[in-house]
Amino acid sequence: MNWAGLYTVLSGVNRHSTAIGRIWLSVIFIFRIMVLVVAAESVWGDEKSAFTCNTQQPGCNSVCYDHFFPISHIRLWALQLILVTTPALLVAMHVAYQQHQEKKLLVLTGHADPKHMEEVKKHKMRIAGSLWWTYVCSVVFRLLFEAVFMYIFYMLYPGYQMMRLVKCEAYPCPNTVDCFISRPTEKTIFTVFMLVTSSVCIVLNMAELVYLVVRACARRGQHHSNPTSGKGSFYGHKHSSEYKQNEINQLLTEQDGSLKDMLRRNSGLQEKGDRCSAC
Amino acid sequence: MDWGTLQAVLGGVNKHSTSIGKIWLTVLFIFRIMILVVAAERVWGDEQQDFVCNTLQPGCRNVCYDHFFPISHIRLWALQLIFVSTPALLVAMHVAYTRHEKKRRFRNGEKIDIEELKNEKIHIRGPLWWTYTSSIFFRIVFEAVFMYVFYYMYDGYQMPRLVKCSDWPCPNTVDCFVSRPTEKTTFTIFMLAVSGICMMLNLAELCYLVIKICMKESRKTT
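The model shown is predicted, which means the values in this text are computed figures rather than measured ones. (Residues numbered from 1 in each chain as written. Chains lettered and ligands numbered in written order. Predicted model: local features only at pLDDT ≥ 70, side-chain atom pairs only at ≥ 80, totals over all residues. Heavy atoms only, no water.)

A separate point is the overall build of chain B. Looking only at helices and strands, chain B has eight helices and three strands in total. When the helices and strands of chain B are placed in sequence order, the string is α-α-β-α-α-α-α-α-β-β-α. For chain B, whose C-alpha radius of gyration is 23 Å, the value lies well above the compact-globule estimate of 17 Å for 222 residues. The principal-axis extents of the C-alpha atoms in chain B amount to approximately 80 × 40 × 25 Å. For chain B, with 222 residues in total, the buried portion stands at 47%. A distance of 10 Å separates the average location of the 25 positive side-chain charges in chain B from that of its 19 negative side-chain charges. (Helix = DSSP H or I, 4+ residues; strand = E, 2+ residues; numbered from the N terminus. Rg over C-alpha atoms; globule rule 2.2 N^0.38 Å. Buried < 20%, exposed > 50% of the residue type's maximum accessible area, 1.4 Å probe, protein only. Lys, Arg positive; Asp, Glu negative; His and termini not counted. Charge placed at Lys NZ, Arg CZ, Asp CG, Glu CD.)

Structure follows, in C-alpha cells:
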C-alpha cells in the first residue's frame, strides 16, 4: 500500500463526487502528493545526517536534532494527506451500500439479469437523501483535519520558516551550541508551497460545502412548491401484495429516480408500475 | 503517486489533442521526465554531501550551500514539469464534462449510441477550443516563468566550479567547491534546450489553432 494504492482507491470515489470534489481530488494528487513524493522527500532526505553542531561532544547532535524536530515535516504532511483523503472513503462505503440495496431491489422486483446488475455498478449515484449527509460530513471532516494540521505545523515550527541556525542547550551539549540546519531556504520554499496548496484545498472544500447546502435548499424549495410529486401518493392500502408493491415503489422513489430511470430505460417499465396499484 | 501516474493521467488527454499536442506530450515524457528521472537525479544526488568547503568550521558548509543553492535544479525541474503538464488536465476535465452532458441527454431519451460516445474523438470546437487554447497559453507562461527563475537564481545557466562564501559562521572568505559542475552544466543546457523546443511546439500549436478557426470562420461567411 503506497500513494499509488491510495490513488486507485480514491479514483473510484471520484465518480460520485461533485465537480468541485473532483477538482479538489486533482489538486491533492498533483500538487500535494506528487510534489511530496517527487520533490519534498529528497529535500528532507538528509535532514539528520547534514544537521551539524559546532561541538565534538558525542550525543549533542542527536539530542539537539530531536529537540528542534520532534516530528519531521515530511511525516506530518504524509499523515495530513492520509487523514484528509480518508473521509472520502465514507462516501465510497455509503455508495457501495446503496448499490447493494439496489441490487437487492432488482432481485425483489424480478429484474435480476446480469445487464441490470452491471448497470447498478456503473450508474452515478445522485447526492441526495442519506448520501448527502454522509458527503457533507466527509467534507466537514476534511476541513477539520486540514485546519488541525495547519495549526500543528504552526505550533511546532513557528512562522512556517526554517531557521538556518538554532542554539541548543540540551544535555549533554556544553553551554550553548550552534547547530546548522541543511537546506533551510529550500525547506522554507516547500513549506510555503504546501501551505498554499493546503489553503487552496480548504477554500475548495468550503465552496463544495456551500454548493451542497444551496443545492439541497433549492431542491427542498422545489419540492415544497410541487407536493403532488412527493411520496404521499404512494402510501396505499396495507394489503400484503399491494403493500409490498408500494414499499418497492417507495424505495424506488427514495433512490431519487436513478434506479427508476435505469429500469425504465432498459426494460420499458410502465409508468403505471410507479403508482400505487390499489389507487 | 509518481511520474508514472502522471503519465497515465496525461495519456488520456493525448486522444483529444492536435498532432502538435501529441508531439509535445511525447517530447515532455521522453526528453524531460525520463531524462530527469534516469539521469539528472543521479548527477545531483550527492550535491550537498560533495559540496566541500575549505574550512573545518562546523556549519559553514551548510550555510554556504544554502546561500548558493536556495532551491536545487532537480526540484525546480520537477515543479516546472508538474506545472507545465497540469493545464492539459483542464482539457481532460472539459472533455469529461462534455461527455457527461451527452450521456445525460441520452438518459433523457435522445437517441445517442452509448458505445460510440465512449470512443468518439471530441473535435476542438466552440468552448473546448477556448479551454484548449487557454491551456496552451498557460503552458507557455509557466515554461517562460521557470526559465526566467532559473536564470535569475543561478546567474545564467552555468554551474561554477568554485564559489566564495563569507556568510557567518565561515571565517572571513572561504572557497567552496561544487561537485560535478561540468556534468551539471551539460544537463542544465540540455533541459533548457528541450524546454525551448517545447515552447516552440506550444507556440506553433497556438498559431495552428488560431489559423484553423479563422479559416473556418471565413469559410462560414463566404
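Having put the structure on the table, let's press on.
With 25 residues, helix 2 (residues 19-43) of chain B ought to run about 36 Å at 1.5 Å a step, and its terminal C-alpha atoms sit 34 Å apart, in line with that. For helix 2 of chain B, the principal kink sits at B:Leu36 and spans about 55°. (Expected span 1.5 Å × (residues − 1). Bend = angle between axes of the 7 residues up to and from the residue.)

Turning our attention to the UniProt feature "domain: Connexin N-terminal" (unreviewed entry) in chain A. Per the UniProt entry, the sites bearing "domain: Connexin N-terminal" (unreviewed entry) are residues 42-75 of chain A in this numbering. Its end C-alpha atoms 13 Å apart, residues 42-75 of chain A is made of 41% helix and 6% strand. (UniProt positions renumbered as here; feature names shortened; annotations may be inferred.)

As a further point, take the UniProt feature "domain: Connexin N-terminal" (unreviewed entry) in chain B. Per the UniProt record, the feature "domain: Connexin N-terminal" (unreviewed entry) sits at residues 42-75 of chain B. End C-alpha to end C-alpha, residues 42-75 of chain B measures 13 Å, and it is 41% helix and 6% strand.

The next thing to look at is the sheet that holds strand 2 (residues 162-165) of chain B. All names here are of chain B. Read from one edge of the open sheet, three strands run 1-3-2, paired in antiparallel fashion. Looking along the sheet, the strands with just one partner apiece sit at the ends: strand 1 (52-53) and strand 2. On the sheet, helix 3 (residues 60-68) packs against strand 1, strand 2 and strand 3 (174-177) and is oriented at approximately 110° with respect to strand 2. (Pairing = 2+ DSSP bridges. Contact = heavy atoms within 4.5 Å. Axes fitted to C-alpha atoms, helices over the stretch in contact; angles between N-to-C directions.)

Here we take up the UniProt feature "transmembrane region" (unreviewed entry) in chain A. Here the UniProt-annotated "transmembrane region" (unreviewed entry) positions come out as residues 21-40, 77-97, 131-157 and 189-214 of chain A. Spanning residues 21-40 of chain A, this segment combines 100% helix with 0% strand, and its end C-alpha atoms are found 25 Å apart.

We now examine the pattern of salt bridges. Counted according to the given criterion, the structure contains 15 salt bridges over all chains. B:Glu47 is paired through a salt bridge with A:Arg183; the nearest N and O atoms lie 3.4 Å apart. Taken together, the positions of B:Glu47 in the loop between helix 2 and strand 1 and A:Arg183 in the loop between strand 3 (177-180) and helix 8 (184-225) put the pair across two chains. On the accessibility criterion, B:Glu47 (6% relative accessible area) is buried. (Salt bridge = Lys/Arg side-chain N within 4 Å of Asp/Glu carboxyl O.)

Across the boundary between the two partners, chain B contributes 33 residues, which contact 37 residues of chain A. At the boundary of chain B with chain A, total buried surface from both sides reaches about 3,100 Å², with 66% on carbon and sulfur atoms. Counting only elements with at least two residues in the side of chain B that touches chain A, the list comes to helix 1 (3-14), helix 3, helix 4 (73-85) and helix 5 (87-107) of chain B. (Buried area = accessible area lost by both parts, 1.4 Å probe.)

With that settled, the discussion passes to the packing of aromatic side chains. Here a ring pair, both rings aromatic, is described through the centre-centre distance and the interplanar angle of the planes. The final tally for this structure, using the stated rule, is 27 aromatic pairs over all chains. With 5.4 Å between their ring centres and 55° between their planes, A:Phe31 and B:Phe83 make a pair best called tilted. With A:Phe31 in helix 2 (residues 19-43) and B:Phe83 in helix 4, the pair connects residues from two separate chains. We note that A:Phe31, like B:Phe83, is buried. Residues A:Phe193 and B:Phe83 carry aromatic rings whose centres are separated by 6.2 Å and whose planes lie at 80° to one another, so their mutual orientation is edge-to-face. (Phe/Tyr/Trp six-rings, centres within 6.5 Å; stacked < 30°, edge-to-face > 60°.)

Here we take up the pairing of strand 2 (residues 165-168) of chain A. Residue and element names in this part refer to chain A. The alternating pattern of strand 2 places Val166 and Cys168 on a buried face, while none of Leu165 and Lys167, on the opposite face, is buried. With four bridges joining them, strand 2 and strand 3 adopt antiparallel strand pairing. Residue pairing for strand 3: valine 166 is matched across the bridge by cysteine 179.

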